[in-house]
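Chains, contacts and geometry: an overview
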Amino acid sequence: MKYNFVTLLLLITTGLGCKTNEVKPPELIKPPISAIDSTDKFPVIPDEELLTLVQKQTFRYFWDFGHPVSGMARERNTSGDVVTSGGSGFGIMTIPVAIERKFITRTQGLERMQKIVAFLNEKAQTFHGAFPHWLNGATGAVVPFSTKDNGADLVETSLLVQGLLTARQYFNGNGNEETALRNDINKIWHAVEWDWFTKNNEEVLYWHWSPSYGWDMNLPIRGWNECLITYALAASSPTHPIGKSVYEKGWTRNGSFVNSREYYGIKLPLGADYGGPLFLSHYSFLGINPIELTDSFTNYFTQNRNHSLINYNYCKTNPAKHAGYSDSCWGLTASDIPDGYNANSPTSDKGVISPTAALSSLPYTPEESMRALRFFYYKLGDKLWGEYGFRDAFSIDERWFADSYLAIDQGPIIIMIENHRSALPWNLFMSCPEVKTGLKKIGF
């Protein structure tokens, strides 16, 4: 390993306010400051080649490490048979990218999709058409995410369906196999009872339902957060749609999700102070193209760009004085942290940078994200780069680099890089006629 931390221990002495020039007690000594070995750990290559390399290496998480029975994505690299619905949706969306970038052939991609879709139709346990957060990748049985979260997860289902519809639009051939795949995807899509999740016709969608505990989780899905895709698909459903009033009263809370304050001189149209973790601008927008998506509240590209820039400027100014934060080392989102997991953001900052945060923001902040990519790869690559791309997170404060990879963090890297490069995922998902109708219905 060539990576070194240079630790400078500052022993401060002074005669001011002291009768002698003795070293101050340990609790008054400034903590160690860590600098980063600035040498390149890998040969420098053109940016376009670097983007392709990152996509190809990260794709291996879903392709090489996909569950052998179901083809689904494991929750993380230590999950064994536990696969994730939402993370699998992300993995599905990477398949058209991988085919177009020639990482795999169209035939290989079709075969993997057939395996996944057969598993979802024939083995996977569902509840009113919705999937649980976790499944056993061999048997299809629900794996409880928590005691009462042992049934439907409507948000995870929406992330899965987003991927399936993207694949449906890509595999558009007239042959029997691609035609059958589209029909099988439609069977899954049409079975989700989106309107049932209004819990006895309340004008809001609910996140969970359990066959054992009913609605006990009691979590309404209200914005602003990562769940716009859930309302978009619920409004778009050809079989179990919600009405516009559910969107307005449930998601927008009659417009009360508006922010409109400025942070670092940047106006944030929607959401919590400083915008929250960056995945809020990624998950729904893997498929939903925000560039021309406008309603009475905002343009959604502006929302996501400003959110990303606020996150960037927070790390750049580094008010908490975390080691390593800079205009090249930025990005706070939900990820592993030392001894746990946290939804990292400017208001919940644990000193942990997550590569997926900056890299998946590439369509919004191309210069800032490319600067971060070069830093992560060339300067930290010997600690941060591995068999499935960038590891989940790191803290220079703690001299800690995760040994983990998470499906929900790896997937957006591939997809959002491609949206920046060619807009392929956006074009595929937005070509769904049902989605066009649904978005129009709720006011876009």
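Conventions and cut-offs
Residues numbered from 1 in each chain as written. Predicted model: local features only at pLDDT ≥ 70, side-chain atom pairs only at ≥ 80, totals over all residues. Heavy atoms only, no water. Helix = DSSP H or I, 4+ residues; strand = E, 2+ residues; numbered from the N terminus. Rg over C-alpha atoms; globule rule 2.2 N^0.38 Å. Buried < 20%, exposed > 50% of the residue type's maximum accessible area, 1.4 Å probe, protein only. Contact = heavy atoms within 4.5 Å. Areas by Shrake-Rupley, 256 points an atom, 1.4 Å probe, with all protein chains shown as cover. Lys, Arg positive; Asp, Glu negative; His and termini not counted. Charge placed at Lys NZ, Arg CZ, Asp CG, Glu CD. Expected span 1.5 Å × (residues − 1). Salt bridge = Lys/Arg side-chain N within 4 Å of Asp/Glu carboxyl O. Phe/Tyr/Trp six-rings, centres within 6.5 Å; stacked < 30°, edge-to-face > 60°. Lys NZ or Arg CZ within 6 Å of the ring centre and 35° of its normal. Core = buried A, V, L, I, M, F, W, Y, C linked by side-chain atoms within 4.5 Å. pLDDT = per-residue confidence, 0-100. Pairing = 2+ DSSP bridges.

**Observations concerning the overall build of the protein chain**
The secondary structure content of the protein chain amounts to 14 helices and 15 strands. Taking 22 Å as the expected radius of gyration for a compact globule of 444 residues, we find that the protein chain reaches 23 Å, a close match to that expectation. Considering only C-alpha atoms, the protein chain reaches an extent of 85 × 45 × 40 Å along its principal axes. For the protein chain, the residues scored as buried account for 58% of the 444 residues in total. Sequence separation of 24 or more characterises 67% of the internal contacts of the protein chain that already satisfy a separation of 6 or more. Counting only carbon and sulfur atoms, one obtains 50% of the accessible surface of the protein chain, whose full area is about 17,500 Å². Charged side chains in the protein chain number 40 positive and 45 negative. The centres of these two groups are separated by 3 Å.

**What to know about the side chain of Ser345**
Considering the arrangement of structural elements, one finds Ser345 in the loop between β11 (340–343) and α9 (355–359). On the basis of relative accessibility, which here comes to 3%, the residue Ser345 falls in the buried class. In this structure Ser345 touches Gly276, Pro277 and Leu332, once residues within four positions along its chain are discounted.

**Examining helix α10 (residues 366–379)**
End to end, α10 covers 19 Å across 14 residues, agreeing with the expected 20 Å (1.5 Å per residue, within 8%). Among the residues of α10, Glu368, Ser369, Met370, Ala372, Leu373, Phe375, Phe376, Tyr377 and Tyr378 are the ones counted as buried.

**Here we look at the pattern of salt bridges**
For the structure on display, the rule yields 14 salt bridges. A salt bridge links Arg421 to Glu48; the nearest nitrogen and oxygen atoms lie 2.8 Å apart. With Arg421 in helix α12 (residues 407–421) and Glu48 in helix α1 (residues 47–63), the pair connects residues that are 373 residues apart, well separated along the chain. Notably, a salt bridge pairs Asp273 with Arg261, separated by 2.7 Å at the nearest N-O pair. Note that Asp273 is positioned in the loop between β9 (266–270) and α8 (300–317) and Arg261 in strand β8 (residues 258–263), a separation of 12 residues in sequence.

**Focus: the packing of aromatic side chains**
On inspection of all chains with the given rule, the structure shows 40 aromatic pairs. Pairing Tyr388 with Tyr405 gives two aromatic rings, centres 5.3 Å apart and planes at 80 degrees, and the pair type is edge-to-face. With a gap of 17 residues between them, Tyr388 in the loop between β12 (385–386) and β13 (389–390) and Tyr405 in the loop between β15 (400–401) and α12 connect regions that are remote in the sequence. Tyr405 shares its class with Tyr388; the two are buried. Cluster of aromatic residues (ring-pair linked, three or more members): Phe42, Phe375, Phe376, Tyr377, Tyr378, Trp385, Phe390, Phe394 and Phe401. When the ring centre of Tyr170 is taken as reference, the NZ or CZ atom of Arg106 above it lies at 4.7 Å. Positioned above the aromatic ring of Trp63, the side-chain terminus of Arg112 is 4.1 Å from the ring centre.

**Some details on the environment of Cys315**
As for its position among the elements, Cys315 is in helix α8. Those residues in contact with Cys315, other than ones at most four positions away along the chain, are Tyr325, Ser326, Cys329, Trp330, Gly331, Leu332 and Ile353.

**Describing unusual backbone geometry**
Cis rather than trans, the peptide bond between Gly223 and Trp224 has omega equal to 15 degrees. Here Trp224 is to be found in the loop between β7 (208–209) and α6 (228–236). Despite not being glycine, Asn200 has its phi angle at roughly 60 degrees, a positive value. Along the polypeptide, Asn200 turns up in the loop between α5 (176–191) and β7. Classification of Asn200 as exposed rests on a relative accessible area of 69%.

**Considerations on the nonpolar core**
In terms of nonpolar packing, the biggest core is built from 57 residues, with Leu205, Ile221, Tyr231, Leu233 and Trp251 touching the most fellow members. Of all the elements in the fold, those that place two or more residues in this core are α2 (85–100), α4 (154–170), α6, α7 (244–251), α12, α13 (424–430) and α14 (433–441). Counting residues per element, this core draws most heavily on α6, at 7 residues. Among residues more than four places away in sequence, those in contact with Tyr231 are Val204, Leu205, Ile221, Ile242, Val246, Tyr247, Gly250, Trp251 and Ile442.

**Some details on the confidence of the model for the protein chain**
Here the protein chain shows a mean pLDDT of 93. Residues at 70 or above account for 92%. The low-confidence segment residues 1–34, where pLDDT is below 50, has 50 contacts with residues more than four positions distant or belonging to other chains.

**A few points about the sheet that holds strand β5 (residues 142–143)**
Across the sheet, which stays open at both edges, the 3 strands sit in the order β3-β4-β5 with antiparallel pairing between neighbours. Whereas interior strands pair on both sides, the edge strands pair on one side only; in this sheet they are β3 (82–84) and β5. Inspection of the sheet shows strand β4 (residues 134–136) paired to β5 by 2 bridges, in the antiparallel sense. What sits directly across from Leu135, in β5, is Val142.

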